[in-house]
Amino acid sequence: MAWNLTDRQSQIFQLLKTATDPVPVSEVANRLDSSERTIQRDVEVMRQAGVPISSLAGRTGGLILDEVSCAGSQPSPPVGTENASPGTSATTFIGRTSE
């Protein structure tokens, strides 16, 4: 299945949200039928939008949501969005509306 940008970013977020360990970029790419480079670009766009994704190097490394979001807490809003309307979520910043 070919994903559009917003759907792919949403799928990346959901995959990382449910993961208990870092997820290699190659695994994300395989699951979404995309190239590793496409996933890397999408992750960079998501980071710039304020989604707290970290990359861990090494044999057991991969992509992971920062602990703040994994614990269910709301991360601090990106700089310049302090006056954003309540209920604004990370997915709003990547093209989806909050549900």
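Criteria and thresholds
Going along each chain's sequence as written, the residues are numbered from 1 onward. Given that the model is predicted, a residue must reach a pLDDT of at least 70 before its local features are reported, and side-chain atom pairs must reach 80 or more before they are shown or counted; all residues, however, enter totals for whole chains, interfaces and linings. Derived side-chain values reflect all non-hydrogen atoms in the structure, with water molecules and hydrogen atoms excluded from consideration. Numbering of helices and strands starts at the N terminus; helices are DSSP runs of H or I of at least 4 residues and strands are runs of E of at least 2. Only protein chains enter the area calculation, which uses a 1.4 Å probe; residues under 20% of their type maximum are buried, those over 50% are exposed, and those in between are partly exposed. Only heavy atoms matter for contacts: two residues are in contact if any of them lie within 4.5 Å across the pair. Here the Shrake-Rupley method, with its probe set to 1.4 Å, supplies the accessible areas, and only the displayed protein chains count as covering residues. A residue's pLDDT is the confidence the predictor assigns to it, expressed on a 0 to 100 scale. Nine residue types can take part in a nonpolar core, namely buried Ala, Val, Leu, Ile, Met, Phe, Trp, Tyr and Cys, and a core is a set of them joined through side-chain atoms within 4.5 Å. We define a salt bridge as a contact between a side-chain nitrogen of Lys or Arg and a carboxyl oxygen of Asp or Glu at a distance within 4 Å.

### Side note on the overall build of the chain
Line of reasoning, step 1. From N to C terminus, the chain includes five helices and two strands.
Line of reasoning, step 2. Each helix and strand of the chain, ordered N terminal to C terminal, gives the series α-α-α-β-β-α-α.
Line of reasoning, step 3. Looking at the chain as a whole, 28% of its 99 residues qualify as buried.
Line of reasoning, step 4. When contacts within the chain are restricted to residue pairs at least 6 apart in sequence, long-range pairs at least 24 apart make up 51% of them.
Line of reasoning, step 5. Entry remark: accessible area of the chain is about 6400 Å², with carbon and sulfur atoms responsible for 49%.

### Overview of the environment of S35
Line of reasoning, step 1. As for its position among the elements, S35 is in the loop between helix 2 (25-31) and helix 3 (36-48).
Line of reasoning, step 2. Residue class for S35 comes out partly exposed when judged on its relative accessible area of 36%.
Line of reasoning, step 3. S35 sits 10 residues away from V25 along the chain, and the two C-alpha atoms are 9.1 Å apart.

### A word on the confidence of the model for the chain
Line of reasoning, step 1. With 64% of its residues at a pLDDT of 70 or more, the chain shows a mean pLDDT of 76.
Line of reasoning, step 2. Low confidence marks residues 73-99, where pLDDT is under 50. Its contacts with residues over four positions away, or in another chain, come to 28 contacts.

### Topic: the nonpolar core
Line of reasoning, step 1. Counting residues in hydrophobic clusters, the biggest one holds 16 residues, and the most contacted among them are I12, L16, V28, I39, I53 and L63.
Line of reasoning, step 2. Where this core is concerned, the elements lending two or more residues are helix 1 (5-18), helix 2, helix 3 and strand 2 (62-65).
Line of reasoning, step 3. Counting residues per element, this core draws most heavily on helix 1, at four residues.
Line of reasoning, step 4. If sequence neighbours within four positions are ignored, L16 has contacts with V23, I53, L63, I64 and L65.

### Let's talk about the pattern of salt bridges
Line of reasoning, step 1. One pass over the structure, following the stated rule, counts three salt bridges.
Line of reasoning, step 2. The closest approach of N and O atoms between E27 and R31, which form a salt bridge, is 2.8 Å. Within this pair, E27 and its partner R31 are both found in helix 2, separated by four residues, close to a single helical turn.
Line of reasoning, step 3. Relative accessible area serves as the criterion here: at 31%, E27 is assigned to the partly exposed category.
Line of reasoning, step 4. The closest approach of N and O atoms between R47 and E44, which form a salt bridge, is 3.8 Å. Taken together, the residues R47 and E44, both in helix 3 and three residues apart, mark about one turn of the helix.
Line of reasoning, step 5. Look at R47 and you get partly exposed, because its relative accessible area is 29%.

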